[in-house]
Amino acid sequence: QVQLVESGGGLVQAGGSLRLSCAASGRTFSTYVMGWFRQAPGKEREFVSLISWNGASTNYIDSVKGRFTISRDNARNTVYLQMNNLKPEDTAVYYCAARLRATLSTVPGGYNYWGQGTQVTVSS
């Protein structure tokens, strides 16, 4: 029932930056753990980053630490993923996801709602 709408994907040269946005419906957005996942062709969907309901806790997959930053604006029902120094290995469809429970999860099954996905392509 919760809708997540992503934007900000595109084609970028290696070393460039993109900012993904995910706008969520619902009155209880501020209670959701929000996560970003990605899936490359022929690969499993993998965890990228998450942020707790109040932004106090964040987590990142090792390969993006120091390059990606997750943030949220509960007043705007929006979560962001700032991606800097992009690498070809970052090429994937990126998905925004919402978890209804307050505890943190890094697996796709821990999330209840998903966005449509946005393509990120990084050229070498």
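To keep things clear, this report deals only with the structure shown in the data block. Keep in mind it's a predicted model, so treat the numbers as computed, not measured.

1. What about the sheet that holds strand E7 (residues 68-73)?
Working step 1: Sheet architecture is open: 4 strands sit in the order E1-E3-E8-E7, paired in antiparallel fashion. Edge positions in the sheet fall to strand E1 (4-7) and E7, since each has one partner strand and no second. Within the sheet, the average angular offset between the axes of one strand and its neighbour, ignoring direction, is 15 degrees.
Working step 2: Looking at chain direction, strand E3 (residues 18-24) and strand E8 (residues 78-83) are connected through 6 bridges and run antiparallel. Among the inter-strand pairings, Arg-19 is bridged to a residue of E8, identified as Gln-82.

2. Observations concerning the state of the cysteines
Working step 1: Counted under the stated rule, the structure contains 1 disulfide.
Working step 2: Across the disulfide, Cys-22 is cross-linked to Cys-96 (sulfur-sulfur distance 2.1 Å). On the sign convention where negative means left-handed, the S-S torsion of about -80 degrees between Cys-22 and Cys-96 marks this disulfide as left-handed. Remark: Cys-96 occurs in strand E9 (residues 92-99) and Cys-22 occurs in strand E3; sequence separation between them is 74 residues. A single burial state applies to Cys-22 and to Cys-96, both of which are buried.

3. Some remarks on unusual backbone geometry
Phi is mostly negative for residues that are not glycine, and the peptide bonds are mostly trans.
Working step 1: Of note in this structure, Asn-77 is not a glycine but carries a positive phi near 50 degrees.
Working step 2: Topologically, Asn-77 is positioned in the loop between E7 and E8.

4. Observations regarding the nonpolar core
Working step 1: In terms of nonpolar packing, the biggest core is built from 28 residues, with Leu-4, Met-34, Trp-36, Phe-68, Leu-81, Met-83 and Tyr-94 touching the most fellow members.
Working step 2: Counting only elements with at least two residues in this core, the list comes to E3, strand E4 (33-39), strand E5 (46-51), E7, E8, E9 and strand E11 (118-123).
Working step 3: When neighbours within four sequence positions are excluded, Leu-81 is seen to be in contact with Leu-18, Arg-19, Leu-20, Trp-36, Val-48, Ser-49, Phe-68, Thr-69, Ile-70 and Tyr-94.
Working step 4: Among the nonpolar cores identified, the runner-up in size contains 6 residues, and Val-33, Phe-37, Leu-50 and Ala-97 belong to it.

5. What about the packing of aromatic side chains?
Working step 1: In total, this model carries 6 aromatic pairs according to the counting rule given.
Working step 2: With centroids separated by 6.4 Å and ring planes inclined at 75 degrees, the aromatic side chains of Phe-29 and Tyr-32 adopt a geometry described as edge-to-face.
Working step 3: Judged by its relative accessible area of 0%, Phe-29 is buried.
Working step 4: Ring geometry for Phe-37 and Tyr-111: centres 5.2 Å apart, planes at 75 degrees, overall edge-to-face. Of this pair, Phe-37 sits in strand E4 while Tyr-111 sits in the loop between E9 and strand E10 (113-114), and the two are 74 residues apart along the sequence. Comparing Phe-37 with Tyr-111, the two get one shared label, buried.
Working step 5: One aromatic cluster in this structure is built from Phe-37, Phe-47, Tyr-95, Tyr-111 and Trp-114.
Working step 6: Lying across the ring of Tyr-95, Arg-45 places its NZ or CZ 3.8 Å from the centre.
Working step 7: Between Arg-72 and the ring centre of Phe-29, over which it is positioned, the NZ or CZ distance is 4.7 Å.

Thresholds, definitions, all that
Residues numbered from 1 in each chain as written. Predicted model: local features only at pLDDT ≥ 70, side-chain atom pairs only at ≥ 80, totals over all residues. Heavy atoms only, no water. Pairing = 2+ DSSP bridges. Helix = DSSP H or I, 4+ residues; strand = E, 2+ residues; numbered from the N terminus. Axes fitted to C-alpha atoms, helices over the stretch in contact; angles between N-to-C directions. Disulfide = S-S within 2.5 Å. Buried < 20%, exposed > 50% of the residue type's maximum accessible area, 1.4 Å probe, protein only. Core = buried A, V, L, I, M, F, W, Y, C linked by side-chain atoms within 4.5 Å. Contact = heavy atoms within 4.5 Å. Phe/Tyr/Trp six-rings, centres within 6.5 Å; stacked < 30°, edge-to-face > 60°. Lys NZ or Arg CZ within 6 Å of the ring centre and 35° of its normal.

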